[in-house]
Amino acid sequence: MTTATAKSERSAKPLISVDNATFGYGEVPVLESVSIDVEPGSFLGLVGPNGSGKSTLLDLMLGLRRPDDGTVTLFGEPADEFDAGERIGYVAQDATEAARDMPITVREVVEMGRYPRRLVGRFSSKDRRAVEGAMERVGITDLASRRVGRLSGGQRQRVFIARALASEADLLALDEPTVGVDAESREEFYSLLADLNATGLTVILIEHDIGVVTTYATDIACLNRQLYFDGDPSAFVETDALEQAYGTDQHVLHHDH
Ligand SMILES: Nc1ncnc2c1ncn2[C@@H]1O[C@H](COP(=O)(O)OP(=O)(O)OP(=O)(O)O)[C@@H](O)[C@H]1O
């Protein structure tokens, strides 16, 4: 493993800390002795071949699964006991596909970001400002009254990000968010993520397009059951971590979108 910046050199307390985590769905481990910190304000791009354990590692980080061995802390607490879901915005791999069938409007989805605090229909002016502000930040104000199922894939992604912003989440985690989204919208989408990150939002992005990650992320983790790299993009492109992690599966590095 190559570590561009040793943990001890980093001063801020990590928002997520995975320490020597091992996990398997059965006998065979999907993750083996993985250690990685996510620093507040960073934009972590998580790459690796198909089936390399990226979604599983994210599950561990968000406390959705518990490691068989090792520890994971989230906001300084054991991740699987963490109980402040509104601090995390999570856009799962199939979330926007599932939203195709939702018979509700964009504004209603974004309002869900405030539900942990308010009963439906009993929004304070602060709640309303948070909802309107979140829609504005991701550029979907014009779509507020549209049914979410009628939007394009890229627009639906923005709706889910707005929901996370409305909840004032500190961390936004996305699992391959632009599958099925056209190239131009993808670029806009990733610029938006970078802009949000620049305002302090911590971002974790699982992405198969290495170019996207080296362009927009501030940190890269390259995984295939074990961690082959954890550090900044400029150091990443200098290493052979990709070749090691992808092995003979190199064609996936070069597919275009
Ligand atoms: N719920 C589950 N039960 C059993 N095996 C699973 C489960 N979820 C994932 N796996 C297996 O664990 C391995 C890692 O899966 P995971 O989804 O974490 O990888 P990934 O890197 O996110 O893959 P992809 O890029 O294809 O989405 C794969 O072999 C997968 O088939």
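The structure we're discussing is the one just above.
Residues numbered from 1 in each chain as written. Predicted model: local features only at pLDDT ≥ 70, side-chain atom pairs only at ≥ 80, totals over all residues.

Novice: Help me understand the overall build of the protein chain in this model?
Specialist: Counting its secondary structure elements, the protein chain contains ten helices and eleven strands. Counting across all 257 residues of the protein chain, residues that qualify as buried make up 42%. Long-range pairs, those at least 24 residues apart, make up 66% of the contacts in the protein chain with a sequence separation of at least 6. (Helix = DSSP H or I, 4+ residues; strand = E, 2+ residues; numbered from the N terminus. Buried ≥ 20, exposed ≤ 12 C-beta atoms within 10 Å, placed from the backbone. Contact = placed C-beta atoms within 7 Å.)

Novice: Could you clarify how one ought to interpret the site of the ligand in this entry?
Specialist: Around the ligand sit Tyr 25, Val 30, Gly 48, Asn 50, Gly 51, Ser 52, Gly 53, Lys 54, Ser 55 and Thr 56, and that is every residue in its neighbourhood. Per-element accounting of the shell around the ligand gives the leading share, three residues, to helix H1 (residues 54-61). Among the residues making up the shell around the ligand, the classes are represented as two nonpolar, seven polar and one charged. (Near = placed C-beta within 6 Å. Nonpolar A, V, L, I, M, F, W, Y, C, P; charged D, E, K, R; others polar.)

Novice: Quick question: what am I supposed to make of the environment of Thr 73 here?
Specialist: Structurally, Thr 73 is set in strand S5 (residues 69-74). When the C-alpha atoms of Thr 73 and Gly 211 are compared, they prove to be 30 Å apart, with 138 residues separating the residues in sequence. In this structure Thr 73 touches Ser 17, Pro 78 and Ala 79, once residues within four positions along its chain are discounted.

Novice: How do you make sense of the nonpolar core when you look at a structure like this?
Specialist: One broad trend across soluble globular proteins is that nonpolar side chains are buried collectively. If you look at the biggest cluster of nonpolar residues, it comprises 71 residues, and the most contacted ones within it are Leu 46, Met 61 and Ala 162. Per-element tally for this core: the top contributor is helix H5 (residues 153-166), with seven residues. Excluding its chain neighbours within four sequence positions, the residues that come into contact with Leu 46 are Lys 54, Leu 57, Leu 58, Ile 204, Leu 205, Ile 206, Ala 221 and Leu 223. (Core = buried A, V, L, I, M, F, W, Y, C linked by C-beta atoms within 7 Å.)

Novice: Mind showing me how you'd approach unusual backbone geometry here?
Specialist: Glycine aside, residues mostly have negative phi angles, and peptide bonds mostly take the trans form. One non-glycine residue with positive phi stands out, namely Ser 33, at about 45 degrees. Of note, Ser 33 is situated in strand S3 (residues 29-38). Taking the C-beta count within 10 Å as the criterion, Ser 33 has 15 such neighbours and is therefore assigned partly exposed. Positive phi outside glycine occurs at Glu 168, with the angle close to 60 degrees. Take Glu 168: it is sitting in the loop between H5 and strand S8 (171-175).

Novice: What is the right way to look at helix H4 (residues 125-137) in this model?
Specialist: Residues that lie three or four places apart on an α-helix share one face, since the helix turns once every 3.6 residues. Under the 1.5 Å per step criterion, the end-to-end length of H4 is 18 Å for 13 residues, consistent within 8% with the ideal 18 Å. Taken residue by residue, H4 has Ala 130, Val 131, Ala 134 and Met 135 as its buried positions. Along the long axis of H4, the arc covered by the buried residues comes to 125 degrees, so they all point the same way. Those residues of H4 that are exposed and aimed more than 90 degrees away from the buried face are Ser 125, Lys 126, Arg 128 and Arg 129. Contacts made by the buried residues of H4 are with helix H3 (106-111) and H5. Once H4 finishes, Gly 139 follows within two positions and takes phi at roughly 75 degrees, a positive value. (Expected span 1.5 Å × (residues − 1). Arc of directions from axis to C-beta.)

Novice: Help me understand the pairing of S5, please; the structure alone is not making it clear to me.
Specialist: On a regular strand, one side chain projects to one face of the sheet and the next to the other, so that they alternate. In this sheet, S5 lies alongside strand S2 (residues 16-24) in antiparallel orientation, the contact comprising five bridges. Paired with Val 18 across the strands is Val 72, a residue of S5. Summarising the sheet, S5 and strand S6 (residues 77-78) pair through two bridges and their orientation is antiparallel. Bridging from a neighbouring strand, Thr 73 pairs with Pro 78 of S6. Between S5 and S6, which pair antiparallel and follow one another directly, the connecting turn spans two residues, one of which, Phe 75, has a positive phi of 50 degrees. (Pairing = 2+ DSSP bridges.)

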